[in-house]
Amino acid sequence: QVQLAESGRGLAQAGESLNLSCAASGRTYIINIMGWFRQTPGNEREFVAAIRNFDERTYYADAVKGRFTISRDSTKGTLYLQMNSLIPEDTARYYCAASKGLINYSETYEYDYWGQGTQVTVSN
C-alpha cells in the first residue's frame, strides 16, 4: 500500500555532510511515523531517527543526536535525513521506513514498509 525509495547513496570524508532522501508513494495517509534505520553486515538494523507525521515531532538515537536531522516535505511526499559531522562509524546501509503505528518508533517491528536501502560510506 505504501512504497518507499531511498536516494542519496554517497561517499564522504569524516567531518563532511550528506543528505538522504526517501520518496513515499501510495496510500501514505495511513502512515503515522516515518524513520531512518541503518545496518552494517552481520549486525541488526538499528534505529537512527524518526518523525511523527501530524506534528513533525522528531526522535533520534543517541549516536546521531546533534549531528543528524530528520525532516519531511508532506507536499512532495519525501523524507530527508541530513547528516552532518560524519564519522566512520556512520558507515552503513540506510533504510527508510514507514509505520502505521504510534508507539515503538525505535523498533524495527513497528514499521510496516521499508525502502531498499542506500549505502553511506564515511572514510577517514
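Conventions adopted
- Residues numbered from 1 in each chain as written.
- Predicted model: local features only at pLDDT ≥ 70, side-chain atom pairs only at ≥ 80, totals over all residues.
- Heavy atoms only, no water.
- Buried < 20%, exposed > 50% of the residue type's maximum accessible area, 1.4 Å probe, protein only.
- Helix = DSSP H or I, 4+ residues; strand = E, 2+ residues; numbered from the N terminus.
- Pairing = 2+ DSSP bridges.
- Salt bridge = Lys/Arg side-chain N within 4 Å of Asp/Glu carboxyl O.
- Disulfide = S-S within 2.5 Å.

Let's talk about the pairing of strand S5 (residues 46–52)
Here is step 1: Across the seven residues that make up S5, a large majority, six, are buried.
Here is step 2: Pairing of S5 with strand S6 (residues 58–60) involves three bridges; the strand directions are antiparallel. Looking across to S6, one finds that Ile51 is bridged to Thr58.

What to know about the pattern of salt bridges
Here is step 1: Tallied over the full model, the rule gives five salt bridges.
Here is step 2: Ionic pairing is found between Arg38 and Asp90, a salt bridge with its closest N-O pair at 2.9 Å. Pair noted here: Arg38 is in strand S4 (residues 33–39) and Asp90 is in the loop between strand S8 (78–83) and strand S9 (92–99), with a separation of 52 residues, a long-range link. Neither Arg38 nor Asp90 differs from the other in exposure class; each is buried.
Here is step 3: Residue Asp90 pairs with Arg67 through a salt bridge whose shortest N-O separation is 2.7 Å. On the criterion of sequence distance, the pair formed by Asp90 in the loop between S8 and S9 and Arg67 in the loop between S6 and strand S7 (68–73) is long-range, its members being 23 residues apart. In terms of burial, Asp90 and Arg67 fall into one category: buried.

Structural notes on the state of the cysteines
Here is step 1: The final tally for this structure, using the stated rule, is one disulfide.
Here is step 2: With a sulfur-sulfur separation of 2.0 Å, Cys22 is cross-linked through a disulfide to Cys96. Around the S-S axis, the bridge from Cys22 to Cys96 shows a dihedral of about -75° and counts as left-handed. Here Cys22 is found in strand S3 (residues 18–26), whereas its partner Cys96 is found in strand S9, with 74 residues between them in sequence.

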